[in-house]
Amino acid sequence: MAKESIVGPGGGDVIRLGPATVRIIEDGSTTGHRLGIGEITVAPRSAGPPQHRHARHDEGFYVVSGTARFTIGAETYDAPAGTLAMIPPGAPHTFANAGDEPLVMVNTFTPDLYVQYFRDLRQLVAAGEAPTPEATARVMSRYATEVADDYAAE
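First things first, this report covers the structure right here in the doc.

What counts, and at which threshold
Note that residues are indexed from 1 along each chain, following the sequence as it is written. Restriction of local features to residues with pLDDT of at least 70 applies here, the model being predicted, together with a cutoff of 80 or more for giving and counting side-chain atom pairs; totals for whole chains, interfaces and linings are based on all residues. Here the side-chain values reflect all heavy atoms present in the structure, with hydrogen atoms and water set aside. The way it works is that DSSP assigns letters per residue, a run of H or I at least four long becomes a helix, a run of E at least two long becomes a strand, and they are numbered from the N terminus. We take the radius of gyration over the C-alpha atoms and set the globule estimate at 2.2 Å times the residue count to the 0.38 power. When checking whether two residues touch, look at their non-hydrogen atoms; a contact exists if any pair is within 4.5 Å. We count Lys and Arg on the positive side and Asp and Glu on the negative side, and we leave His and both chain ends out. Here the site of a charge means NZ on Lys, CZ on Arg, CG on Asp, or CD on Glu. Classification of residues uses two cut-offs on accessible area relative to the type maximum, computed with a 1.4 Å probe and protein chains only: under 20% is buried, over 50% is exposed, and between them is partly exposed. Directions pointing from the helix axis toward each C-beta atom define the arc. Think of it this way: DSSP has to see at least two bridges between two strands before they count as a pair. The convention used is that axes are lines fitted to C-alpha atoms, helices contributing only their stretch in contact, and that angles between N-to-C directions extend from 0 to 180 degrees.

### Describing the overall build of the protein
Counting its regular elements, the protein contains 2 helices and 12 strands. Counting helices and strands in the order they occur from the N terminus, the protein gives β-β-β-β-β-β-β-β-β-β-β-α-α-β. For the protein, the C-alpha radius of gyration of 15 Å lies close to 15 Å, the compact-globule estimate for 154 residues. Expressed along its principal axes, the backbone C-alpha trace of the protein runs to roughly 50 × 30 × 30 Å. Long-range pairs, those at least 24 residues apart, make up 65% of the contacts in the protein with a sequence separation of at least 6. Of the charged side chains in the protein, 12 are positive and 19 negative; the average position of the first set lies 6 Å away from that of the second.

### Side note on unusual backbone geometry
Each neighbour pair has its own omega, and for Thr-110 with Pro-111 the value is -5°, a cis peptide bond. Within the element layout of this structure, Pro-111 appears in the loop between strand E11 (103-110) and helix H1 (115-126). In the Ramachandran plot, His-33 falls in the positive-phi region, its phi being about 65° despite a non-glycine side chain. For His-33, a relative accessible area of 45% gives the class partly exposed.

### Here we look at helix H2 (residues 133-141)
Among the residues of H2, Ala-135, Thr-136, Val-139 and Met-140 are the ones counted as buried. Viewed end-on, H2 has its buried residues packed into an arc of 140°, placing them on one side of the element. Away from its buried face by more than 90 degrees, H2 exposes Pro-133 and Glu-134.

### What to know about the sheet that holds strand E1 (residues 13-17)
Here 6 strands make up an open sheet; going across it, the order is E1-E2-E3-E11-E6-E9 and the pairing antiparallel. Looking along the sheet, the strands with just one partner apiece sit at the ends: E1 and strand E9 (84-87). With strand direction ignored, the average angle separating the axes of adjacent strands in the sheet is 20°. Pairing analysis gives 6 bridges linking strand E2 (residues 20-26) to strand E3 (residues 36-42), with the strands arranged antiparallel. Across the sheet, Thr-21 pairs through a bridge with Thr-41, a residue of E3. Sheet strands touched by H1: E1, E2, E3 and E11. Its angle to E1, the strand with the most contacts, is close to 60°.

Pasting the structure below:
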């Protein structure tokens, strides 16, 4: 049986990825891998990952502060603090921070499959490889995720 987990402010596994910082606060080890939770902070005027789709997990984003710009397929939504965006498997999506203040979101993964993606990206950078779109797509593919380039900006 899993032991309870309490992660305080500043706790968890902090991963810095360019203009974004991901703090993994539940990696699935407490939830029997049914749920993973991260806190994502994105610097002002920063793009997020390439638009992508997950095949095997739902992803949720709760905007704590700032305004997230979600692109889901061809639709764009500005989501202020207090907004919840739930992305089911197969839906192409990305996010960005177009604002002048940091964006902070709580990010959920059901099941926790995608949590390891952030750790793998950190390892890629630590090994001296640039997180190019090709390298990012390669890491995404380990977790039933693919770049949704059919919605790339024209």
